[in-house]
Structures are given as C-alpha cells and as structure tokens.
Amino acid sequence: MKKIFSLTLAAVMAVVSMNVAQAQYKFGGLMMDHDGMMGNDMFTLSQVNFGFGTARSMSMAGAFTSLGADMASLSYNPAGVGMYQRNEVSMSFGIGVSKARNYNAYNAYNPAENSNTRAAANSLGASFKVHESSGKLTAINFAFAYNKIADYNYDISYNSLPTESSLADAFADIANANGLGINSSNKITDQNGYYDYDMNPYFWGTAMAYKAGLINMGSNGGWYPDEIGPGAQMTQYTTLRSRGSAGEFSFALGMNISNILYLGASLDLVSISRKQTIHYSEYISYAGARPDAAAYPYQLQEFRFGQSMQIDGSGVGAKFGLVVRPTKGLRIGFAVHTPSY
C-alpha cells in the first residue's frame, strides 16, 4: 500500500530591534538566509520614498523643498508651514497598482510574478494660525501631520521546472557541514549538545526537517534526505509576501517674515512595521517504476516550508529649513534632516 506523507514545516521569529546582528549565514532560520537584523535590512528600512504624500506633492514628483502651504511640507521642509494663510485640515489617500511578470530562458513557461493592489492613507494633518500681524513677523503657524514615507507591500511568486535538487538536500548539507548529530533521546543536536530551540536559530529549519522525517542520519554518520526514492523529480513553488509601511508623525512650527523669508522646524516620530512571509512548496514525482518497496517503504510526494518575520521599530528625529522668496517667481529652499534615533 502506498503511503503519502504531507509535511508542514514552519519557523517563526520575531525581531523587535534596530540593531545589526554580526552573523554570516547563507541559509538559516529567519527568511531562509539569516537570523537577525543584517546590514541590508537596515539599509532597506532606512530608505525614504517621498512619492507618498498629498496629491500636489505627488504630482510634482517630490520637487517640493521650496514650496509650502501643504501637509507634505512637514516631510520635505518645515519652513513651508509658514506659508499657510488660514487654518486647514487635509486628507490624502492613494491606490497603488503594480504587476510585473518575468520570463527567462529557463523558466519560459513558469513566469515569476509580482503584483499588488492596495489603498491606503498617504497623508493626514492639520495646520493652525498661531500669530498674525502686519509687522515683519507676518505669521506663525503650527501644524501636525502623518505622512507615509515608505511602502513595503508586494507579492512575489515563482516556480521551477522539474529538477533533481530538493530543499531536503540543503537541510542535509547544513547538518553535515556543521557537525549536527543525534543524542540518546533521538533529538538532533549541535556540536555543543544543544537541541530543539536551544540550538542556534540558524539550525531551526534543519531541526524541523529531522523532526518531520524529511532528513535522517545514516549509519556512516552522514545526513541525507529520507523517504525520497531514486528517479525523483521536484517541482518547487515559492511565494514571498511583504506587508507594512513606514510613517512619520510630525509636529512643526513655521514663521513668515515679511512674506520673503520663511523659517521652520519640526519634531518627527518615525514608525516602521513590516511583516514578511515565505511559503515554499515542493511536489515530488517519480519517473519509471516505483522504487523497491523494501528499500523505500514510503515515497514522499510533497512538503511545505513556511517562515514569517515581523519587524517593528520607532525613532525620533528633527528637521530645520528655510525658504527665501526674493521675487514672486523665485523661491529658494533649504532643509536639514537629522537621522532618526
């Protein structure tokens, strides 16, 4: 009687940190390649995209440093707050639609896809006139706003043509390369004797592969994929989903001096939230006759591997700016943004 195994492997790690982990892993427990906040993660999360904001700033492709009287000014140059001539409440929403399909020589009939459609609030805020006079200090305005500064929403999916390589091979290679063993309680252990989740998170996927019967240790001490017979062909499917965004809550004060010089400063609270999940599936077929039942009593036909990562962060920063309007047709803007701490 043919038996079918369906294995579900899952690894979940939560990272609530903005520190860089000095680890050098090529294939591990967190999103398949590392186990902490790496340099590339810090770089990605630090990038600001001013393409989100009010309809006015988006229509100008972010060329907004010397303009004002707009909630987007709080993200570009707080001196623009001084240009408001009245109280104002502003709300801006956006719909993002993206779809991409990639063909290549190897995967001509199995294209990779990246698509996402999402509606969200890009900017919400209000401005209030605090002071107004006919003297040199023409006006002082106070404003607060939320502006989205980065978007992490996308879906990527791709699959391969049938191949002889399996994710089980990668788990077996990790176990062999790092000297993993099995203790007297039939638990997989590292070189220090730690087992299960006391092990380095880099080995969590490998440990679960052993627990689920995907890999095993042979009599010679070497690890190998278990229950995969000869002549096996693997078809692999992967979906990467990312959700989240970075937003900036700003509180700004702007001054208007004789309608010529505008000065401003803001205190900014940055919030980052990002969740990524990977769903990997492998379907196994066998060419030719069924492997010998005595040597291979079970034939693995499919398994799935899932991972999830949640990153949350917050910080505080400031902006200082000025705008000079020597003539009606000319505005010169300058702003300094501090890092977010």
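In what follows, the accompanying structure is described. Note that the structure is predicted; figures quoted are calculated from it, not measured. Throughout, a residue's number is its position along its own chain's written sequence, starting from 1. Totals for whole chains, interfaces and linings use all residues, but because this is a predicted model, local features are given only for residues with pLDDT of at least 70 and pairs of side-chain atoms are given and counted only at 80 or more. Computation of side-chain values covers all heavy atoms of the structure but excludes hydrogens and water.

Here we take up the overall build of the protein. Check the secondary structure of the protein and you find five helices and 13 strands. Note on contacts: a residue pair is in contact if any heavy atoms of the two residues lie within 4.5 Å. In the protein, once contacts between residues fewer than 6 apart in sequence are set aside, the share between residues at least 24 apart is 69%. Counting only carbon and sulfur atoms, one obtains 57% of the accessible surface of the protein, whose full area is about 17,700 Å². We count a stretch as a helix when DSSP gives it H or I for four or more residues in a row; a strand needs E for two or more, and each element gets its number in order from the N terminus. Note on areas: Shrake-Rupley with a 1.4 Å probe; residue coverage comes only from the protein chains shown.

What follows deals with the pattern of salt bridges. The term salt bridge refers to a side-chain nitrogen of Lys or Arg lying within 4 Å of a carboxyl oxygen of Asp or Glu. With the rule as written, the count across this model stands at six salt bridges. We note a salt bridge from Asp151 to Lys148, for which the minimum N-O separation is 3.4 Å. Here the salt bridges share partners, and the residues they tie into one network are Asp155, Arg241 and Arg243.

Moving on: empty space enclosed by the protein. Cavities and pockets are defined on a 1 Å grid built over the protein atoms alone: a cavity is a set of grid points where a 1.4 Å probe fits but cannot escape, while a pocket is an open set with protein on both sides within 12 Å along at least five of seven lines, and lining residues are those with an atom within 4 Å of any such point. Grid points are joined across faces, edges and corners, and a volume is the space filled by probe spheres set on the points. In the structure shown here, the tally under the stated rule is one cavity of 30 Å³ or more. Taken as a whole, the largest cavity encloses approximately 40 Å³ of empty space. If you trace the largest cavity, you find eleven residues lining it, with Phe52, Ser75, Tyr76, Asn147 and Lys148 closest to the centre. Those elements giving two or more residues to the lining of the largest cavity turn out to be α3 (73–76) and β4 (137–151). Classifying every residue of the lining of the largest cavity gives five nonpolar, five polar and one charged. Here the nonpolar group is Ala, Val, Leu, Ile, Met, Phe, Trp, Tyr, Cys and Pro; Asp, Glu, Lys and Arg are the charged ones; every other residue, Gly included, is treated as polar.

Turning our eyes to something else, we now look at the pairing of strand β12 (residues 299–327). The pairing criterion is simple: DSSP has to find at least two bridges between the two strands. Examined bridge by bridge, strand β11 (residues 261–286) and β12 share 23 bridges and lie antiparallel to one another. Its bridge partner lying in β12, Lys275 is registered against Gln310. Both β12 and strand β13 (residues 330–337) contribute to a ladder of seven bridges, which runs antiparallel. What sits directly across from Val323, in β13, is Gly333.

Its identity as a non-glycine residue notwithstanding, Ala69 has a phi of 55°, on the positive side. Buried residues are those whose accessible area, probed at 1.4 Å on protein chains only, stays under 20% of the maximum for their type, while exposed residues exceed 50% and partly exposed ones sit between those limits. When its relative accessible area of 29% is taken as the criterion, Ala69 is described as partly exposed. Residues other than glycine seldom take positive phi values, yet Glu227 does so here, at roughly 65°. Its place among the elements puts Glu227 in the loop between β9 (223–225) and β10 (232–257).

Before going further, it helps to spend a moment on the environment of Leu300. Along the polypeptide, Leu300 turns up in strand β12. Linking Leu300 and Tyr283, residues 17 residues apart in sequence, is a C-alpha distance of 8.8 Å.

On to the layout of surface pockets, then. For the largest pocket, the calculated volume is near 460 Å³. For the largest pocket, the lining is made up of 27 residues, of which Ser46, Val48, Val270, Pro339 and Ser340 are closest to its centre. It is β12 that contributes the most residues to the lining of the largest pocket, six residues altogether.

Within helix α5 (residues 204–211), seven of the eight residues are buried, leaving the element largely enclosed by the surrounding structure. Here α5 has its buried residues at Trp204, Gly205, Thr206, Ala207, Met208, Ala209 and Tyr210.

Below, the discussion takes up the packing of aromatic side chains. Here a pair means two rings of Phe, Tyr or Trp (six-membered ring of Trp) with centres within 6.5 Å. Their orientation is stacked below 30 degrees between planes, edge-to-face above 60, and tilted elsewhere. Counted by the stated rule, this structure contains nine aromatic pairs. Ring geometry for Tyr146 versus Phe249: centroids 5.0 Å apart, planes at 50°, classification tilted. Taken together, the residues Tyr146 in strand β4 and Phe249 in strand β10 connect sequence positions 103 residues apart. Since its relative accessible area comes to 39%, Phe249 is described here as partly exposed. Note on Tyr210 and Trp223: the rings are 5.7 Å apart at their centroids and 90° apart in plane angle, and the pair reads as edge-to-face. Highlighted residues: Tyr210 in helix α5 and Trp223 in strand β9, separated in sequence by 13 residues. Tyr210 gets classed as buried once you look at its relative accessible area, which sits at 15%. The structure contains a cluster of three or more aromatic residues connected by ring pairs, namely Phe128, Phe142 and Phe144. When the NZ atom of lysine or the CZ atom of arginine is within 6 Å of a ring's centre and also within 35 degrees of its normal, the charge is said to sit over that ring. A cation over a ring is seen here: Arg274 above Tyr152, with NZ or CZ 5.0 Å from the ring centre.

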